[in-house]
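# Secondary and tertiary structure notes
Below, each chain spelled out in residue letters.
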Amino acid sequence: MKFWKKYIVWLLVVGSLTACGYQLRGKGSFWPPGLKKIYLPVFKNSSGRYELDLKLTRSLVNELVARTGVTIVADQKQADGLLLGEILSFKVQPIAFSAAGIATRFKITVITSIVFTDLINQRVIFQDENFIYTEEYEIPEGLDFETMENRALDQMAEKFARQLVVSLVEGF
């Protein structure tokens, strides 16, 4: 009898999770099935931050290929989709200080404009004129600001790309 009670409770729990609309993130896909080749030019960099456009574009290419299996093409005429990005703003702010008054923790904020167009059906499938990504990083004692900032930018670019691709794939 104990077995049946546990079994029934388990069925009710599973049934209620599916009935309330609960689903695992990443399970569904908003990605149009016909988009196999994407043209992704280097982001336009209006921020003034040296090479940020290259870091974000490179990370986005890697994440798109890994997550969606698309091919990135060098010519828009060969593409099924067009992904345009512009870096509107880049800001680094100190948010924590040592006893000596030296900044030890920083916040990076990148604001971009993203437009993803289905070239087959000639329609915009994702647009965000204010796509914001924020990341914090620390400078361990003994390391300099420039070294840690470059490392932080590389990590931020990867996480930015991951967040953007999740938005593209899952339709958020």
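See the structure above.
It should be emphasised that the depicted structure is a prediction, and the values quoted were computed from it without experimental measurement.

The subject of this paragraph is the overall build of the chain. Regarding its fold elements, the chain presents three helices and six strands. Along the chain direction, N to C, the helices and strands of the chain fall in the order α-β-β-α-β-β-β-β-α. Looking at the 172 residues of the chain, the share that counts as buried comes to 35%. At a minimum sequence separation of 6, the contacts of the chain that also span at least 24 residues come to 67%. Carbon together with sulfur atoms contributes 55% to the accessible area of the chain, which is approximately 10700 Å² in total.

This next bit is on the nonpolar core. Counting residues in each nonpolar core, the largest one holds 36 residues, and the members touching the most others are W31, L56, L60, L64, L83, F116 and M156. Mapped by element, the contributors of at least two residues to this core are α2 (52–68), β4 (81–97), β5 (103–118), β6 (123–138) and α3 (145–170). When residues of this core are assigned to their parent elements, the largest contribution, 11 residues, is made by α3.

To continue, consider the side chain of E170. Structurally, the position occupied by E170 is in helix α3. In terms of polar contacts, E170 uses its side chain to reach the side chain of R67, at 3.1 Å.

So, on to the environment of L54. As for its placement among the helices and strands, L54 is situated in helix α2. Separated by 13 residues in sequence, L54 and P41 have C-alpha atoms that sit 10.0 Å apart.

Right, let's talk about the environment of I102 for a bit. By the secondary structure assignment, I102 is in the loop between β4 and β5. You can call I102 exposed: its relative accessible area is 54%. If we ignore the near neighbours within four places in the chain, the residues touching I102 are A96 and F97.

Here we take up the pairing of β6. Looking at chain direction, β5 and β6 are connected through 13 bridges and run antiparallel. From the neighbouring strand, F116 faces β6, where its bridge partner is F126. Connecting β5 to the next strand, β6, in antiparallel fashion are four residues, including Q122 with a positive phi near 50°.

So, about the pairing of β4. Here strand β1 (residues 37–39) runs beside β4; their pairing, made up of two bridges, is parallel. Residue pairing across strands places Y39 opposite L82, the latter belonging to β4. Sheet topology places strand β2 (residues 44–45) next to β4; two bridges connect them, and they run parallel. Counterpart to K44 in the pairing with β4 is E86. With 15 bridges connecting them, β4 and β5 associate as antiparallel partners. When the sheet's bridge partners are listed, S89 is paired in β5 with I111.

In contact at an axis separation of 8 Å, α2 and α3 are set at 45° when each is read in the N-to-C sense. Comparing their axes, α3 and α2 come out oblique. For the element pair α2 and α3, the recorded crossing hand is right-handed. Looking at the contact of α2 with α3 residue by residue, the class counts come to 14 nonpolar, three polar and seven charged.

It helps to recall that an α-helix has 3.6 residues per turn; residues three or four apart then point in one direction. An ideal rise of 1.5 Å per residue puts 24 Å on 17 residues; α2 measures up with 24 Å between its terminal C-alpha atoms. Residues of α2 that are buried include every one of L52, D53, K55, L56, T57, S59, L60, E63 and L64, and no others. Where α2 is buried, its residues contact β2, β3 (71–73), β4, β5 and α3. At the exit of α2 stands G69, carrying a positive phi of roughly 75°.

About the cut-offs
- Residues numbered from 1 in each chain as written.
- Predicted model: local features only at pLDDT ≥ 70, side-chain atom pairs only at ≥ 80, totals over all residues.
- Heavy atoms only, no water.
- Helix = DSSP H or I, 4+ residues; strand = E, 2+ residues; numbered from the N terminus.
- Buried < 20%, exposed > 50% of the residue type's maximum accessible area, 1.4 Å probe, protein only.
- Contact = heavy atoms within 4.5 Å.
- Areas by Shrake-Rupley, 256 points an atom, 1.4 Å probe, with all protein chains shown as cover.
- Core = buried A, V, L, I, M, F, W, Y, C linked by side-chain atoms within 4.5 Å.
- Polar contact = N/O pair within 3.5 Å; in protein donor to acceptor, adjacent residues only side chain to side chain.
- Pairing = 2+ DSSP bridges.
- Axes fitted to C-alpha atoms, helices over the stretch in contact; angles between N-to-C directions.
- Parallel < 35°, antiparallel > 145°, perpendicular 65-115°, else oblique.
- Left-handed = near helix turned anticlockwise from the far one by under 90°.
- Nonpolar A, V, L, I, M, F, W, Y, C, P; charged D, E, K, R; others polar.
- Expected span 1.5 Å × (residues − 1).

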